[in-house]
Amino acid sequence: ILLAVMSAFAQATQIIYRSPQQMGEESALVVQGKVTGVRSYWNDSNTKILTETQVAVDRSFKGGAGGTVSVVQLGGVVGHVQMKVEGALAWNPGEEVLLFLEPFPGGRYMVYGLSQGRYDIERDERGRPFVSRGAFDGVEMTGAPGGRSPEKERVSLDRFIDSALGGR
């Protein structure tokens, strides 16, 4: 029984909860855009697999991003080798996202707070954007309100940005 309990905990990534306001304050860059490409590759020393996602920036709410940003995260698949990181994000070309980003070497970025800084953008029948974020699979969040991961939320993009960035 102890082994079963310990293996369940071993498959969760533990992160510290950050509110949208904290992410807005602490992130170097906040952008809205569309995923245009995803590729996984070995690092220079062939010890880790990284996934790099290209996002075409439609709007920059904080920081000076224009054109495209490269977002890097640990994990991915190269050939027949998979490096899995619980809580890592899945990316699909064409999806629209809102990202809170922090610098990564080489002029690239990482999503703030592992996966917390990524919101999906959904549009209603009139084309108005809303942000949403589902539950975090494989993530144990500490310090979250009520002691658990926030429930799925859907908020208008403009209202969310005003709240997260203090009316910027």
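The coordinates are above.
Residues numbered from 1 in each chain as written. Predicted model: local features only at pLDDT ≥ 70, side-chain atom pairs only at ≥ 80, totals over all residues. Heavy atoms only, no water.

**Considerations on helix α3 (residues 157–165)**
Right, so step 1: Every buried residue of α3 is accounted for by L157, F160, I161, A164 and L165. Projected onto a plane normal to the axis of α3, the buried residues spread over an arc of 105 degrees and lie on a single side.
Right, so step 2: G166 sits one or two residues past α3 and shows a positive phi near 65 degrees. (Buried < 20%, exposed > 50% of the residue type's maximum accessible area, 1.4 Å probe, protein only. Helix = DSSP H or I, 4+ residues; strand = E, 2+ residues; numbered from the N terminus. Arc of directions from axis to C-beta.)

**Quick notes on the packing of aromatic side chains**
Given two aromatic rings, their pairing is described by the distance between the two centres and the angle made by the two planes.
Right, so step 1: Per the counting criterion, the structure on display carries three aromatic pairs.
Right, so step 2: When the ring of Y119 is compared with that of F160, the centres are 4.7 Å apart and the planes differ by 55 degrees; the resulting orientation is tilted. With Y119 in strand β9 (residues 118–123) and F160 in helix α3, the pair connects residues that are 41 residues apart, well separated along the chain. The burial state of Y119 is the same as that of F160; both residues are buried.
Right, so step 3: Put simply, the rings of F100, Y119 and F160 pair up and form one aromatic cluster.
Right, so step 4: The positively charged end of R118 is found above the aromatic ring belonging to W91, 4.6 Å away from the centroid.
Right, so step 5: Its end group placed over the ring of F130, R154 keeps NZ or CZ at 4.1 Å from the ring centre. (Phe/Tyr/Trp six-rings, centres within 6.5 Å; stacked < 30°, edge-to-face > 60°. Lys NZ or Arg CZ within 6 Å of the ring centre and 35° of its normal.)

**Notes on the nonpolar core**
Right, so step 1: Membership of the largest hydrophobic core comes to 15 residues, with the highest contact counts inside it found for L98, F100, V131 and F160.
Right, so step 2: With five residues, α3 is the single largest residue contributor to this core.
Right, so step 3: Of all hydrophobic cores here, the second largest spans 14 residues; its members include L29, V57, V69 and L101. (Core = buried A, V, L, I, M, F, W, Y, C linked by side-chain atoms within 4.5 Å.)

**Topic: unusual backbone geometry**
Right, so step 1: If you check the backbone angles, N46 has positive phi at about 55 degrees while not being a glycine.
Right, so step 2: On the secondary structure map, N46 appears in the loop between β2 (29–42) and β3 (49–62).
Right, so step 3: Its relative accessible area of 53% is what places N46 among the exposed residues.

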